[in-house]
Structure formats: C-alpha cells, structure tokens
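Take a look at the letters that make up each chain.
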Amino acid sequence: MQNELPFNETMNIKEKIDTLTDDLIRYNFFYHSKDESLIPDEVYDKLYRELINLELEFPQYKRADSPTTQVGYAPLLEFSQKKHNTPMLSLNNIFSAMDQTDVLIQHKELIQFNKRLADALNIPEVSYVATPKYDGVAISLIYHNGVLTSGITRGDGFIGEDVSLNIKTINNIPKVLNVHTPPALLEVRGEILIKTADFIQLNKNQEDLGLKVFANPRNAAAGSLRQLDSNITASRPLHFFAYALLLNKINENCAIKINTYSEQLNFLQTLGFDVGSWYQICHNQNELIAYYENMLLQRDLLPFGIDGVVYKVNNITSQEKLGFVSRAPRFSIAHKFPAQIMETQIIDIEVQVGRTGALTPVARVKPVSVGGVIVSNATLHNQEEIQRKDIHIGDFVYVRRAGDVIPEIVNVILEKRNEKVSKFKMPTLCPVCNSHLIQLEGETIIRCSGGLFCSAQKKQAIIHFASKLAINIDGLGEKIVEQLVENNLIHNIVDIYKLTESNLIQLERFGEKSAYNLITAINNSKNTQFNRLIYALGIRHVGEATAKDLARTFGAFETLMNANTTELMQVNDIGDIVAKSIVDFFSEEHNQNIITQLLNCGIAYDIEASKSNFNENITGKTFVITGTLPNHSRDEVKSLIENLSGKVSNSVSKKTHYVIAGADAGSKLEKATTLGVTIIDEETFLKLIYSEL
Ligand code: IVH
C-alpha cells in the first residue's frame, strides 16, 4: 500500500512519537470502547509498527501511556467490571512482503521468528500449531464445576466487562461442559464473531427496519456483545471459536494430562467447544509458509472473516520455557494477511436504483488490484455515509474488498485532497424515471416514489401486484413476469390487462393451454376487493391489514387518494410514517395515471372486505417465523397473522406463543426449544388460521 506518512518530514522525532502516540490512543479508544474503526486495521498496524520502531531507536521519547505497552482499552463503565484471573494478553504481529502486483515475495519476519525460537529452545526444528486468526472479539469464559458462570471481555487486559448475561444467549457456547468429573474451575478463551452470511442477513434486516447498518462483522459482533439488554444479543447470530484452555486452572480431580497445544484443542472439542476444522500441526518453517499461503488463498471461501493466521509452539513445556514479553507471549505470533485495502481515486459518483426503489450512490474509481481482484466500483451506501466520510469526487481514498462483499470506500486520504475535488449532490428526481424521491423520517435510505412506473422497480411491483394476497393472478409468478418484461410485453401493471393469448403463445415455455389459462386468470382477477387492490399497489408500509383498514374507512379510490395525513392518521394503527408514505404515493402523478388506467381497463372492486378479523388462535398472539416454509413465503404468513391482529416478532422470547418453523431453521428454533415455546409447522399453522385446532 502506498500510504503516505501522516506528518511532514520537518517534524522532529519527539513530535513524531507524540503525534503517533496520541493518534493511536484515540484510534484505540474508538476501537475498543465504541466498536468503531476510525482507520482501516491495516493502516493502524502500519502506524503501530512505526511507533514501535521509533521507540526502540529513541527510548528516551517513549511515553508512559504508549499504546505499545497497553492491551485494549479501559472497559466501558455501563457494565460491571471483573478482574481477569490471568491477564488477557495480545499477540505480536508479523507481515510478509508483497510486490507491486500483490504477489507474496518474502516471509522474512516469519523466518526470523522461527529462528529466534529454535535458538532459544536450542532445537533444530520447532513444531507449531497454525490456526486462523479470527476477526472477532476476545472473550474469557469461566466454568465452575462444569457450569458456565461468567464471560468477561478483554478490556485493558487486566480488567474487563462482565457480559455474563449476554454470552449465555450465544447458542454454540456450552452452558454445561461435556465431562464426567468437571474441574472446580476452568477458563476457556476464544473469539466471538459473526459469520459472513449471517452478517449480510443481519445488515439486510437492519436496513429493512431503517436501523444503522454495521461497518463490518467485527463491529457488529462487538456491538452485539456489549448490549445492556441481553435480548438484543440473543437476536444476533453470534458464534464462538475456542482457542485456549487455561491449564493451570484444571485441578486434580480432572485427570487430564495435556502436553501439547493440539491436545488442548482436541480436549476443548470434547468439552463441547467449536475449535474449527482449519488448524494444522506444522513441523517446520516451510510448513508454516505453506499453511499461510494456503489460508490466504482460501480466505474468501471461509465462512467467517480472518485477518491472518496464528502460530503457537505445540509443546506446552517449550511454551513455558519461552514465556512472555511485556504484552504478548514469546511462543506465539500472528502472521497478518496483506491488505485487502488499496489506495485509489474516485473518478465519479453515480446513483443506482434498486429493485425496491432504494437509491444507492456508487463510486467509480480508478481500477486497482485489491488482494488480486480488480476493483473499479465501490458502494457508498447512502447520502449520509458520503457526508459522514466527507467523500468528494476526485478524492484519493482507501477501498476495501472482503470476500464476495461489494467493495467499499473506507476513508478519504485528506492529506492528498486538492482544490479540483467537487461535492456530490444526490439527484432531486429518480435518475431512472424522474419520479420524485421520498426519504422517511428516521430513515437514511432515499427511495423513488414511482413504484408502479419506474423501470428499475417494475418487475418487483408487477410480481407483488399479481401475488396471492394481492390481486391473485394464478400463474403469474416471478419467472413469467421476468419473461414478459424482458420481451417488452409489459412495462407496468396496467399492461397485464392488455395481454392477449397470441402475445403469450409466441413465448418460450407457453403453449395454447397455458396461454389460455393465464389470460383467464387475468380476466378473473378483474373482479376483486378494494382492500386487495390497495395492498396490490405496493405502497411502502401498507401491508394487508392496513389495506383492509383503509378500504373500510375510505370506501373508494377517490376518497383515499384525496385523504391528507391527518385524515389517514384517524385510521387504526396508522402513524405519521405510514400516512406520509400513502400521501407521497398518491401525489405522484405517474401513480395516479396508473390507477386511472387500471380502473378504465375494467377492474371492479367491492368494498365488502372480510370483516371477520378475529380468530381466537391468532388474535393477540405473538409468532416468530423461522426457516423456509414449504408453501408460503414468510411475508405471506406474516400478513395472514397480522390480518387477524396477531403479532410477528423477529426474536424468540418467553412471551412468544408460537414459533412457525420450516426447513433449515437455525438458532431461533434452538432458542424456542430451550424456552419451551410451542413449535409448529406450516400445516399446523394453517389449521390454526382456519380454526381446525
Ligand atoms: S491466541 C496471548 N489464537 O487475536 C493471546 N488469538 O491480536 C493468545 N485471536 O488477543 C491468543 N484468533 O483475541 C489466538 N486463533 C487464535 C486467534 C486469536 C484471533 C485474537 C485474540 C488475541 C488477538 C491478538
């Protein structure tokens, strides 16, 4: 990485050390106490090493509060604090040199490390265990007589935060150890993280709920662990990997003799811990290099993020002989991976419109190879992110790539900014269809209001319109809609009613019979109910239940379309956000035209929406839906429940009445079992709905 030093060359050494010390203390504070990275980890490492080198050369300027002699940061005050029985130390880092095109060329520091240990132990070859270096949050778990009693974060290495209630909600941490005669006291250390796939899903959920998205899995894991309300922790997909067992805490009645680190990992696994399947014994330096290079290749394929590998001397007696230096063991080292971050320049910022109408600014950057992949676009997420990171067109920036995740801009290199940069302005109309834009209060996302008209959204809008709970056109599912849109046969929902059998027969996969069936289904859908028609329009925040309330209150399109927010808020359960979304939708001219055209092509609705929205099995009950159900999407089931005034929640608690579980249900199902909540399948749920139970 061509990273410029953040200070000019005229500064004297003492000032350099002071600046570096202050900066690193600040970065540390944000990282450890606020779960926020002000600079990329790779840049931090670089500055940190620079400080170490300067301090070695000029020890007279080394400050007493130097971060090089401190681990982590003072714990947060909201949690009660606990002293570690044995300090939680850190690891020293080594790196490998890369050439211009990101290819590894030298493992000099690794070779030095291995030589140092072989010399100290006075043996020709040292055996190690190499493991991934999990990119998560360190935790210490305490078991008394085999029962999990507490969990403490690293804090400053000596005193950490007591997060016992929270770690007890993590599914894969054993609450009771799998051992006959448990030792009186046992301590296990490891890393809590969020797997990549879970992280992507978590951020999707956060976005759907209009909440803050997390910058990376590490921040999400740290933030989830440090919740004062453990229900929030319970709802996050945290995973624990164990990497150390504190041997001195195993007392006599546990007749286990552990001589090597690999035996320690095996024992941890027997006790019930996940130690991962990626560790390997390496008998010499070449095997360490092979392990490192192999893990580097596999990095993106692993189900979780790693930022390097860790080597530990396998023989415990040798470990003890080597001992510790001030903040780290001498017998172990972290071999960090090369940056997945590179410097480049923003050429332009364009705005894309997604399937749901969300506008996303995207930076076009000068192509650069990041970890072996050419990056030319990077997501900027939203307008706020651009402001927060103070990003301008023309800025020099760091781009980060991690696995399959879309590359993103980490931060601007302000030292390199020149007067040629220009400010980016979000468009005032949709760049695809020119409809006006909506940003709801408290939401960061700006959306196009032309839901029925905007070609970026039309497929989704049409699929929703035709779905079972909406207008219900049998046979007009996702695939067929795609085919019709791609063949230019339909552009919006009105076009559905202009289709003819001869249009369809020309298409692949259509025969006479299927064309006839679809046209019949389309014609049948013309006689519908007002509530279905409202729901079918896909107005944001207007679900099936709200559509019913609106239908009952307003009775006809004309009155509904002219209602203002105050009138709308008279309706049951409609607050200002929903009211505004409805007003925005109907004030968009494109949408008004579509509705007029729909009514003109023969759609007739009656207002006798089902009035029986009480069902003793559902009304007032709380449901959690998990896994994939055989016949209905989660949204369909959700609407069915909400329609009958039941509640759908995202997380399982004692208050949950039913968990509806489908295939591949995960942690929510486990939690329901633990709490004794009734678990039902889709079929049983449908029976509940139709009151057969
Ligand atoms: S062994 C004396 N093994 O990295 C500390 N640490 O940068 C011994 N880490 O504090 C730690 N994966 O939080 C070890 N496989 C692994 C690890 C690992 C991640 C973390 C750990 C440690 C930090 C040091």
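Residues numbered from 1 in each chain as written. Predicted model: local features only at pLDDT ≥ 70, side-chain atom pairs only at ≥ 80, totals over all residues. Heavy atoms only, no water.

Draft legend 1. Main features of the packing of helix 21 (residues 576-587) against helix 22 (residues 589-600). At a minimum axis distance of 5 Å, the contact between helix 21 and helix 22 shows a crossing angle of 75°. On the basis of their axis angle, the class for helix 21 and helix 22 is roughly perpendicular. Taken together, the residues of helix 22 that come into contact with helix 21 (itself represented by Phe585, Phe586 and Ser587) are Glu589, Asn591, Gln592 and Ile595. For the contact of helix 21 with helix 22, the class distribution of residues is 3 nonpolar, 3 polar and 1 charged. (Axes fitted to C-alpha atoms, helices over the stretch in contact; angles between N-to-C directions. Helix = DSSP H or I, 4+ residues; strand = E, 2+ residues; numbered from the N terminus. Parallel < 35°, antiparallel > 145°, perpendicular 65-115°, else oblique. Contact = heavy atoms within 4.5 Å. Nonpolar A, V, L, I, M, F, W, Y, C, P; charged D, E, K, R; others polar.)

Draft legend 2. Fine view of empty space enclosed by the protein. Taken as a whole and assessed by the stated rule, the structure comprises 1 cavity of 30 Å³ or more. Taken as a whole, the largest cavity encloses approximately 30 Å³ of empty space. When contributions to the lining of the largest cavity are tallied by element, the ones reaching two or more residues are strand 5 (128-134) and strand 10 (238-245). Looking at the lining of the largest cavity, its residues break down into 6 nonpolar, 1 polar and no charged. (1 Å grid on protein atoms, 1.4 Å probe; cavity = no way out; pocket = protein on both sides within 12 Å on 5 of 7 lines; lining within 4 Å. Points joined across faces, edges and corners; volume = space filled by probe spheres on them.)

Draft legend 3. Region of the structure containing the pairing of strand 25 (residues 622-626). Among the 5 residues of strand 25, 5 are classified as buried, and the element is accordingly described as predominantly covered. Across the two faces of strand 25 the burial is the same, with Thr622, Val624 and Thr626 and Phe623 and Ile625 all buried. Of the pairings in the sheet, the one linking strand 25 to strand 26 (residues 647-649) comprises 3 bridges and is parallel in character. Directly across from Phe623, in strand 26, lies its bridge partner Val648. After leaving strand 25, the chain enters helix 23 (residues 634-643) and then returns to the sheet as strand 26, a path that is right-handed. Direction of pairing for strand 25 relative to strand 27 (residues 658-661): parallel, over a ladder of 4 bridges. The residue of strand 27 that forms the bridge with Val624 is Val659. (Buried < 20%, exposed > 50% of the residue type's maximum accessible area, 1.4 Å probe, protein only. Pairing = 2+ DSSP bridges. Right-handed = clockwise from strand over helix to strand, strands pointing away.)

Draft legend 4. Just the side chain of Ser66, in detail. On the secondary structure map, Ser66 appears in the loop between helix 2 (41-57) and strand 1 (81-83). Separated by 2.7 Å, the side chains of Ser66 and Glu55 make a polar contact. Among the polar contacts listed, one links the side chain of Ser66 to the side chain of Thr68, at a separation of 2.8 Å. Sequence-distant contacts of Ser66, that is, excluding residues within four places in its chain, are made with Thr21, Leu51 and Glu55. (Polar contact = N/O pair within 3.5 Å; in protein donor to acceptor, adjacent residues only side chain to side chain.)

Draft legend 5. Local environment of the nonpolar core. If you look at the biggest cluster of nonpolar residues, it comprises 55 residues, and the most contacted ones within it are Ile473 and Leu537. Not counting residues within four places of it along the chain, the set of residues in contact with Leu537 comprises Leu452, Ile493, Phe557, Phe585, Phe586, Ile595 and Leu598. Core analysis: the second largest hydrophobic core is formed by 35 residues, Phe79, Leu186, Ile194 and Phe267 among them. (Core = buried A, V, L, I, M, F, W, Y, C linked by side-chain atoms within 4.5 Å.)

Draft legend 6. Quick look at the sheet that holds strand 25. The strand order 26-25-27-28 describes an open sheet built from 4 strands, whose pairing is parallel. The open sheet has two edge strands, strand 26 and strand 28 (678-680), and neither has a second partner. Looking at each pair of strands side by side, their axes are set apart by 30° on average, direction ignored. Note: strand 27 against strand 28, 3 bridges, orientation parallel. Across the sheet, Tyr658 pairs through a bridge with Thr678, a residue of strand 28.

Draft legend 7. Focus on the confidence of the model for the chain. Looking at the chain, the pLDDT average stands at 87 and 92% of residues meet or exceed 70. Low pLDDT, under 50, characterises residues 1-10; the predicted model gives this stretch 17 contacts beyond four residues in sequence or across chains. (pLDDT = per-residue confidence, 0-100.)

Draft legend 8. Representation of the packing of aromatic side chains. Tallied over the full model, the rule gives 20 aromatic pairs. Between Phe585 and Phe586, the aromatic rings sit 5.3 Å apart at their centres with planes inclined by 90°, giving edge-to-face as the arrangement. Grouping residues by exposure puts Phe585 and Phe586 together as buried. One aromatic cluster in this structure is built from Tyr134, Phe241, Trp278 and Phe304. Residue placement shows Arg218 over the ring face of Tyr31; its charged tip is 3.8 Å from the ring centre. The lysine or arginine in question, Lys416, covers the ring of Phe396, its NZ or CZ lying 5.3 Å from the ring centre. (Phe/Tyr/Trp six-rings, centres within 6.5 Å; stacked < 30°, edge-to-face > 60°. Lys NZ or Arg CZ within 6 Å of the ring centre and 35° of its normal.)

Draft legend 9. Molecular detail of the environment of Gln106. With respect to the element layout, Gln106 can be found in strand 4 (residues 104-106). Sequence separation of Gln106 and Phe95 is 11 residues, and the distance between their C-alpha atoms is 9.2 Å. Those residues in contact with Gln106 that lie beyond four places of it in its chain are Ser96 and Ala97.

Draft legend 10. Local environment of the site of the ligand. Inspection of the region around the ligand gives 14 residues, with Thr131, Tyr134, Arg154, Glu191 and Tyr243 positioned closest. A distance of 3.0 Å separates an oxygen atom of the ligand from a polar side-chain atom of Lys133. Expressed as a share of its isolated accessible area of 520 Å², the protein-covered part of the ligand is 88%. Mapped onto the shell around the ligand, the elements with two or more residues apiece are strand 5 and strand 12 (306-313). Taken together, the residues that form the shell around the ligand break down as 8 nonpolar, 2 polar and 4 charged. (Near = heavy atom within 4 Å. Areas by Shrake-Rupley, 256 points an atom, 1.4 Å probe, with all protein chains shown as cover.)

Draft legend 11. Up close: the sheet that holds strand 6 (residues 137-144). Taken in spatial order, the 4 strands line up as 7-6-9-10 in an open sheet, and their pairing is antiparallel. Two strands lie at the open edges of the sheet, namely strand 7 (147-153) and strand 10, each paired on one side alone. Strand-to-strand twist of the sheet, defined as the mean angle between neighbouring strand axes without regard to direction, takes the value 35°. Pairing analysis gives 8 bridges linking strand 6 to strand 9 (residues 185-194), with the strands arranged antiparallel. Following the sheet pairing, Ile139 is matched in strand 9 by Gly190. Here helix 6 (residues 217-225) sits on the sheet in contact with strand 6, strand 7, strand 9 and strand 10, set at roughly 130° to strand 9.

Draft legend 12. Spatial organisation of the pattern of salt bridges. For the structure shown, the criterion picks out 24 salt bridges. A salt bridge links Lys115 to Asp119, with the shortest nitrogen-to-oxygen separation between them at 3.0 Å. Of this pair, Lys115 and Asp119 both sit in helix 3 (residues 108-121), 4 residues apart, which is roughly one turn of the helix. Across the pair Asp307 and Lys133 runs a salt bridge whose closest N-O atoms are separated by 4.0 Å. You can see Asp307 sitting in strand 12 and its partner Lys133 sitting in strand 5, a full 174 residues away along the chain. Taken together, the shared-partner salt bridges connect Lys14, Asp18, Asp22, Arg63 and Asp65 into one network. (Salt bridge = Lys/Arg side-chain N within 4 Å of Asp/Glu carboxyl O.)

Draft legend 13. Quick look at the environment of Ala556. Checked against the element boundaries, Ala556 lands in the loop between helix 18 (544-554) and helix 19 (557-562). What makes Ala556 partly exposed here is its relative accessible area of 27%. Expressed as a C-alpha distance, the spacing of Ala556 and Ile607, which sit 51 residues apart in the sequence, is 7.8 Å. When neighbours within four sequence positions are excluded, Ala556 is seen to be in contact with Phe530 and Tyr605.

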